[in-house]
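Structure assessment
The residues making up each chain are set out below.
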Amino acid sequence: MSDRNGIRLGELVERLGGQLIGDDNLIVNGIAPLEQAEATNITFLSNSKLRQQARKTLAAAIIIHEADVGFLQPEFKGGLILVENPYVYFAKTAQFFAQSELQKQPTLAPGIHPSACVDPSAQIAATAVIGPLVCIESHVVIEDNVRIDGGCFIGRGARIGAHSHFYANVSWHHDCRIGRHAIVYSGAVIGNEGFGFANDAGRWIKIPQRGGVIIGDDVEIGANTCIDRGTLTDTIIEDGVKLDNQIQIGHNCYIGAHTAMAGCVGVAGSAKIGRHCTFGGAAMVLGHLNIADNVHISAGSLVSRSISEPGQYTGFFPLAKNADWEKSAAIVRNLDSLRDRVRALEKMIELPTSTRQESSEN
Amino acid sequence: MSDRNGIRLGELVERLGGQLIGDDNLIVNGIAPLEQAEATNITFLSNSKLRQQARKTLAAAIIIHEADVGFLQPEFKGGLILVENPYVYFAKTAQFFAQSELQKQPTLAPGIHPSACVDPSAQIAATAVIGPLVCIESHVVIEDNVRIDGGCFIGRGARIGAHSHFYANVSWHHDCRIGRHAIVYSGAVIGNEGFGFANDAGRWIKIPQRGGVIIGDDVEIGANTCIDRGTLTDTIIEDGVKLDNQIQIGHNCYIGAHTAMAGCVGVAGSAKIGRHCTFGGAAMVLGHLNIADNVHISAGSLVSRSISEPGQYTGFFPLAKNADWEKSAAIVRNLDSLRDRVRALEKMIELPTSTRQESSEN
Amino acid sequence: MSDRNGIRLGELVERLGGQLIGDDNLIVNGIAPLEQAEATNITFLSNSKLRQQARKTLAAAIIIHEADVGFLQPEFKGGLILVENPYVYFAKTAQFFAQSELQKQPTLAPGIHPSACVDPSAQIAATAVIGPLVCIESHVVIEDNVRIDGGCFIGRGARIGAHSHFYANVSWHHDCRIGRHAIVYSGAVIGNEGFGFANDAGRWIKIPQRGGVIIGDDVEIGANTCIDRGTLTDTIIEDGVKLDNQIQIGHNCYIGAHTAMAGCVGVAGSAKIGRHCTFGGAAMVLGHLNIADNVHISAGSLVSRSISEPGQYTGFFPLAKNADWEKSAAIVRNLDSLRDRVRALEKMIELPTSTRQESSEN
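Residues numbered from 1 in each chain as written. Chains lettered and ligands numbered in written order. Predicted model: local features only at pLDDT ≥ 70, side-chain atom pairs only at ≥ 80, totals over all residues.

What follows deals with the overall build of chain A. A tally of helices and strands in chain A yields 7 helices and 39 strands. Dimensions along the principal axes, computed over C-alpha positions, put chain A at roughly 80 × 65 × 35 Å. Here chain A holds 362 residues, and the buried ones make up 53% of them. Taking all contacts inside chain A whose residues are at least 6 apart in sequence as the whole, residues at least 24 apart take part in 21%. (Helix = DSSP H or I, 4+ residues; strand = E, 2+ residues; numbered from the N terminus. Buried ≥ 20, exposed ≤ 12 C-beta atoms within 10 Å, placed from the backbone. Contact = placed C-beta atoms within 7 Å.)

Given below as structure tokens:
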């Protein structure tokens, strides 16, 4: 949380923007949450609900939106950096400190670790770092400044764009490609053969998967996440897509730029998902569906039909104490019977036509 | 999608069956979907909903069911291969082209890569291919034509049947066995110790897991899928079972032949699942349940009791716009109150006995 | 299931406690379930529903609760070990036999396999076993009697407590720590960077993840389970936590001692979970929530709000035949319309005020 080498608040604002209120010669040496921040840290207020905690923070300065400033004064005496989006500014400040921290670590020397197995036909940029016990097959292309950590497997004909970083034990299969500035975490499996079978009188006949996986720039792929190769064409992941851990992307999927998926999401084969979508944890999308741009799916929700209209969609059974859930679940199982009873009542007391017509939609 | 070396339509039909209508000397060099197919490709129509697209395809020939032929004529001028099940025929045609593609690639020489660590007591068939950085422990048996790709771990006493293929970075634990023609994808973990604990006044006492995992022929195990070893007896996977990625199979499970599970499915310990079942993505099965043959579980559904009757079963909360879901969810939480109101109404207007009796089931 | 070297029942009870009824010179050489037990095995009855099977078991002796003894006699002629908690006693008996089985196997010699890549700055205890093709980075500390199996990756500055066992192909990232007697299964990924982004006008700005993962003693981490490192502070897992396979724990989470999670559970970032909780398979917890001690979440349930009261909580749509589910789901989608119809009926027949007031809560 604290770095030896600090930065003047004035210099930070010169680099990252925002309007500084307070002493621009104050030195801060790290960023921390409101409650953990020490006197030499900067902190941030990205959620007005935390304004009480912000008042009491020990931090030297707060990244804040103009709307929250009045609440802090006069109690908070430190510096204020007024910005449009405190959370984005926090991210950039954290990047700044992370980078200066990184510079203090010994840099990895470019080159191929002697324990790695690299096919002679592979083209490895001189600036790339290939870690211990890595396996690189024939005709792989590794561009400038790529870093491949210990134990990764890169199949024949794959191409890894410049400045990308593969963490330990990634499995990257033949002929799959990823762009620049990508991050792939441990245990991810890209380009394995998807789940394709035709049922022939009870036996499953394998459909060979001969497409590839084509991934754009600035993509992040979480630990133990899988992306299957296409069947006849390619699985496509556009620029800026962010996938968390334990995600499953089926064959032939198309995921539009800047879409983000939280952990444990599943997308069945041939789904086409738009740009700037978000998926909460463990959301599932059935196969062959189309999801428009700017669709947001809540955690734990199953998408069983295509969605053409932007917006937030949800579908999970609300949590309750088990005894209460038992009651609700029992009625849910027999909802048509409850509706029939309402119909019978309506008939008995002869509800006016207009109301009954509306009812008949149910 | 296109292969240099083509095949005459007449020869394809001789090999794979079906009835050809059209020029049997037409050469096709690959298979592609209706819309992407080029003039030298064959395509297929396995879903009548796509008949409009089939009319306009550029493909040289279409694999088709008799029932759809009338719709295409006279617009579509190419060849027609009439078959009972176009999707199965597509799978077989794709296999044909994949195999001829494969034959053009350099074959892997049998033998053990010098970087692999193989215990001297292991029996490796002379025709097997053991890739780089593979670790094989004592008394392992690897049969003919097996292929183990880079970075796999095979624990002591394991046995891998002939013609099986392990992709990179599989973890296969001691004494587990798999039959012939199996495929195991990257990151799969077979035979780790299952989740067995007895709670002793708040502390978890480990139950050692001393059974194994016994897997039949023609089984496919997806990327990052886990199958736990049994506790006192074995976990059993019968012939022809197909498991997609990210699946979890608990200890002591028994999965019947030709059952298929889509990605992210979970099966808790000691569940016994029949033959020819299918499980949609992220379906979950609780422990110690019995599922009959020919049961089909929809995606996202939790199986909380045994199922003795074949058929399709479903249980997920339907997706809705978030605002609509909020309303439904609020009522679901208080469904017993809504039912009580219906009861009160029934009492007020004295519904005839027969109707009320039906109601009392709720 | 059967071990060559047996133990006298009398000696077993001396070691593990309980009250023996029957011949204390009977030799048993293994433990097995009621139905599979042979005449030289011991078995256990931990669930009264299985009393019929217990009567007919071939086992030499049964671990049993006093309450079930009457039912077995006089039919069952073997020994009885009366204990308070037969399942816990079963676990301890199984541990006893597993250990004596283990002693018959060749022990692994301490030391570093010549194919492992170990940085010279790492401190490896002389009693530790480092397997083949393991990669250990700089300044790692490996304590006494640790065992690291083939293909594991241990990042710089990590510390692994005494007597811990990592199975093959674990990815353990820099500066993460685990206590004594831990077990980490294959494919687990600990300390990768969590899913942290700020959205800047449609683009995701990465928030560097600079915290670590700190794990206590006696923790078990399942195959392919992921635990993300913290953002600014650490992700914490207390003593005795048991995590099954395929689990995802987000950054900054705090999991209290002796909590257990079944397979496929997901916990989003910054959730704080109490002690002695249990989570059924595929349960999901949203981010930033607080869960009290002794909370039990059923399988397949989504926790969308904090829980301050101990107890069992559930939330999943009950499974039904698909046709029945279709009906229920259609009504669930329009529940507010059904409620409106009930309201209209109540108005028509002028329900007494008291009832209607209650109704207005819905």
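On the basis of which strands lie adjacent, the open sheet formed by 12 strands has the order β7(B)-β10(B)-β13(B)-β16(B)-β19(B)-β24(B)-β27(B)-β30(B)-β33(B)-β36(B)-β38(B)-β39(C) and mixed pairing. Either end of the sheet is taken by a strand with one partner, and the two such strands are β7 (111-112) of chain B together with β39 (320-321) of chain C. Strand direction decides the pairing type here: strand β19 (residues 183-184) of chain B and strand β24 (residues 220-221) of chain B, joined by 2 bridges, are parallel. Opposite I183(B), over in β24(B), you have E220(B) as the bridge partner. (Pairing = 2+ DSSP bridges.)

For the rest of this paragraph, the subject is the relation of the copies chain B and chain C. For these two chains of identical sequence, chain B goes onto chain C by a turn of 120° and a shift of 0.1 Å along the axis, with RMSD 0.1 Å. The superposition operator between the copies reduces to a three-fold rotation axis. For chain B, the smallest separation between a C-alpha atom and the rotation axis is recorded for F317(B), amounting to 3.4 Å. (Least-squares fit on C-alpha atoms with pLDDT ≥ 70 in both.)

On to the nonpolar core, then. Looking at soluble globular proteins, one finds that nonpolar side chains tend to be buried together. Grouped together as the largest cluster of nonpolar side chains are 228 residues, with contacts concentrated most on V303(A), V303(B) and V303(C). Apart from residues no more than four positions distant in its own chain, V303(A) is found in contact with A283(A), M284(A), V285(A), L286(A), L289(A), I291(A), I297(A) and L319(B). Grouped together as the second largest cluster of nonpolar side chains are 31 residues, L9(A), V13(A), A37(A) and A91(A) included. (Core = buried A, V, L, I, M, F, W, Y, C linked by C-beta atoms within 7 Å.)

With that out of the way, let us pick up the environment of Q123(C). All names here are of chain C. By the secondary structure assignment, Q123 is in strand β9 (residues 123-124). Residue classification places Q123 among the exposed positions, given that 11 C-beta atoms sit within 10 Å. Apart from residues lying up to four places away in sequence, Q123 is in contact with V141 and I142.

On to the interface of chain B and chain A, then. Taken together, the 67 residues of chain B in the interface contact 60 residues of chain A. Mapped by element, the contributors of at least two residues to the side of chain B that touches chain A are α4 (86-103), β39 (320-321), α5 (322-333), α6 (335-349) and α7 (353-359) of chain B. Tallied by class, residues from the side of chain B that touches chain A come to 34 nonpolar, 23 polar and 10 charged. In terms of strand pairing, strand β38 (residues 311-314) of chain A meets β39(B) through 2 bridges, oriented antiparallel. When the bridges of β39(B) are listed, Y313(A) appears paired with K321(B). (Nonpolar A, V, L, I, M, F, W, Y, C, P; charged D, E, K, R; others polar.)

This part is about the domain arrangement of chain A. The domain architecture assigned to chain A consists of domain 1 (7-104), domain 2 (111-313) and domain 3 (322-360). In this structure, domain 2 of chain A and domain 3 of chain A have C-alpha centres spaced 47 Å apart. (Domains from an automatic or database assignment.)

Residues and elements named next belong to chain A. Running from N to C, helix α1 (residues 9-16) and helix α4 (residues 86-104) cross one another at 115°; their axes reach a closest spacing of 11 Å. Comparing their axes, α4 and α1 come out roughly perpendicular. Two packed elements cross with a definite hand, and for α1 against α4 that hand is right-handed. Between α1, through L12, R15 and L16, and α4, the contact on the second element is made entirely by Y89, K92, T93 and F96. (Axes fitted to C-alpha atoms, helices over the stretch in contact; angles between N-to-C directions. Parallel < 35°, antiparallel > 145°, perpendicular 65-115°, else oblique. Left-handed = near helix turned anticlockwise from the far one by under 90°.)

Our focus in this paragraph is the pairing of strand β38 (residues 311-314) of chain C. Strand direction decides the pairing type here: strand β36 (residues 295-297) of chain C and β38(C), joined by 3 bridges, are parallel. Across the sheet, the residue bridging to V295(C) is G311(C), located in β38(C).

This brings us to α4(A). Counted at 1.5 Å a residue, the expected span for α4(A) with its 19 residues is 27 Å, and the 27 Å between its end C-alpha atoms agrees. Among all positions in α4(A), only P86(A), V88(A), Y89(A), F90(A), A91(A), K92(A), T93(A), A94(A) and F97(A) are buried. Contacts made by the buried residues of α4(A) are with α1, β4 (42-44) and β5 (61-64) of chain A together with β21 (197-200) and β22 (203-206) of chain C. (Expected span 1.5 Å × (residues − 1).)

Turning our attention to the interface of chain B and chain C. In this assembly, 60 residues from chain B lie in contact with 65 residues from chain C. Of all elements in the fold, only β20 (189-193), β21 (197-200), β22 (203-206), β37 (302-303), β38 (311-314), α5 and α6 of chain B reach the threshold of two or more residues within the side of chain B that touches chain C. Broken down by element, the residue count for the side of chain B that touches chain C peaks at 8 residues, all from α6(B). Tallied by class, residues from the side of chain B that touches chain C come to 32 nonpolar, 22 polar and 6 charged.

Residues and elements named next belong to chain C. On the secondary structure map, A116 appears in the loop between β7 (111-112) and β8 (117-118). By C-beta crowding, A116 is classed as buried, having 23 other C-beta atoms within 10 Å. Along the chain, A116 and C152 lie 36 residues apart, while their C-alpha atoms are 9.5 Å from each other. Look past the residues within four positions of A116 in its chain and what remains in contact with it is I130, P132, L133, V134 and I136.

Quick look at α6(B) now. Residue and element names in this part refer to chain B. In this model, α6 (15 residues) spans 22 Å end to end at C-alpha, consistent with the 21 Å of a helix rising 1.5 Å per residue. Every buried residue belonging to α6 is among L335, L338, R339, R341, V342 and L345, and all of these are buried. Along α6, the residues classed as buried sweep out an arc of 155° about the axis, all on the same side. One or two positions beyond α6, positive phi appears at E350, with a value near 50°. (Arc of directions from axis to C-beta.)

All names here are of chain A. Residue P74 is bonded to the preceding Q73 through a cis peptide linkage, with omega at 0°. In this fold, P74 is placed in the loop between α3 (66-72) and β6 (79-82). Not every positive phi belongs to a glycine, and N145 is a case in point at roughly 60°. Mapped onto the secondary structure, N145 falls in the loop between β12 (141-142) and β13 (147-148).

Here helix α6 (residues 335-348) of chain A crosses α6(B) at 30°, and the two axes come no closer than 10 Å. The handedness of the crossing between α6(A) and α6(B) is left-handed. Facing α6(A), whose interface residues are L338(A), R341(A), V342(A), L345(A) and M348(A), α6(B) presents R339(B), V342(B), L345(B), E346(B) and I349(B). For the contact of α6(A) with α6(B), a count of residues per class yields 7 nonpolar, no polar and 3 charged.

On to the sheet that holds strand β34 (residues 284-285) of chain C, then. Residues and elements named next belong to chain C. Spatially, the 10 strands line up as an open sheet ordered β8-β11-β14-β17-β20-β25-β28-β31-β34-β37, and their pairing is parallel. Only two strands of the sheet have a single neighbouring strand rather than two, namely β8 and β37 (302-303). Two strands pair when backbone bridges link them, and strand β31 (residues 266-267) and β34 are joined in this way by 2 bridges, in the parallel orientation. Considered in β34, the bridge of G266 is made with M284.

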